[in-house]
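Spelled out from the first residue to the last, the chains are:
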Amino acid sequence: MLRAYLNYGLIASVVVWAAIIGVMAYRLNESPWRWAFVGLVFAGGLTVAAILGIKKYVDRQTQAAEQRSQE
């Protein structure tokens, strides 16, 4: 459980934050702030994608280093 929290806790917090902002954007009818909130939701999605991309890159680098050390 702790390992899952350490690996995916940041991602979960960004997803929860984006969901809350999304609900706020949904509830702001006829407000000029609505599209700013929608933009923040998309920025949260891009943040999650960037975090997952960095995690994938680091995992590949770690695996490559382990393979080089075993040879």
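Everything that follows concerns the structure shown earlier in this document.
None of the values given here were measured: they were computed from a predicted structure.

**Notes on the overall build of the protein**
(1) Moving on: For the protein, the helix and strand inventory stands at two helices and zero strands.
(2) Moving on: Radius of gyration (C-alpha) of the protein: 18 Å, far over the 11 Å computed for a compact globule of 71 residues.
(3) Moving on: Each of the three principal axes of the protein carries a C-alpha extent, and together these read 65 × 25 × 10 Å.
(4) Moving on: Of the accessible surface of the protein, which amounts to about 6,000 Å², a share of 66% is contributed by carbon and sulfur atoms.
(5) Moving on: When the 7 basic and 4 acidic side-chain charges of the protein are each reduced to a single mean position, those positions are 6 Å apart.

**Re a nonpolar patch on the surface**
(1) Moving on: There is a patch of nonpolar side chains on the surface, built from Leu2, Tyr5 and Leu6 and spanning about 400 Å² of accessible area.
(2) Moving on: Mapped onto the elements of the fold, Tyr5 is located in helix H1 (residues 2-27).

**Focus: helix H2 (residues 34-70)**
(1) Moving on: The first and last C-alpha atoms of H2 sit 55 Å apart over 37 residues, in line with the 54 Å expected at 1.5 Å per residue.
(2) Moving on: Buried within H2 we find Phe37, Gly44 and Val48.
(3) Moving on: Taken together, the buried residues of H2 touch H1.

Here is what the cut-offs are and how they apply
- Residues numbered from 1 in each chain as written.
- Predicted model: local features only at pLDDT ≥ 70, side-chain atom pairs only at ≥ 80, totals over all residues.
- Heavy atoms only, no water.
- Helix = DSSP H or I, 4+ residues; strand = E, 2+ residues; numbered from the N terminus.
- Rg over C-alpha atoms; globule rule 2.2 N^0.38 Å.
- Areas by Shrake-Rupley, 256 points an atom, 1.4 Å probe, with all protein chains shown as cover.
- Lys, Arg positive; Asp, Glu negative; His and termini not counted.
- Charge placed at Lys NZ, Arg CZ, Asp CG, Glu CD.
- Patch = residues over 30% accessible without salt bridge, like charges linked within 9 Å, V, L, I, M, F, W, Y side chains within 5 Å.
- Salt bridge = Lys/Arg side-chain N within 4 Å of Asp/Glu carboxyl O.
- Expected span 1.5 Å × (residues − 1).
- Buried < 20%, exposed > 50% of the residue type's maximum accessible area, 1.4 Å probe, protein only.
- Contact = heavy atoms within 4.5 Å.

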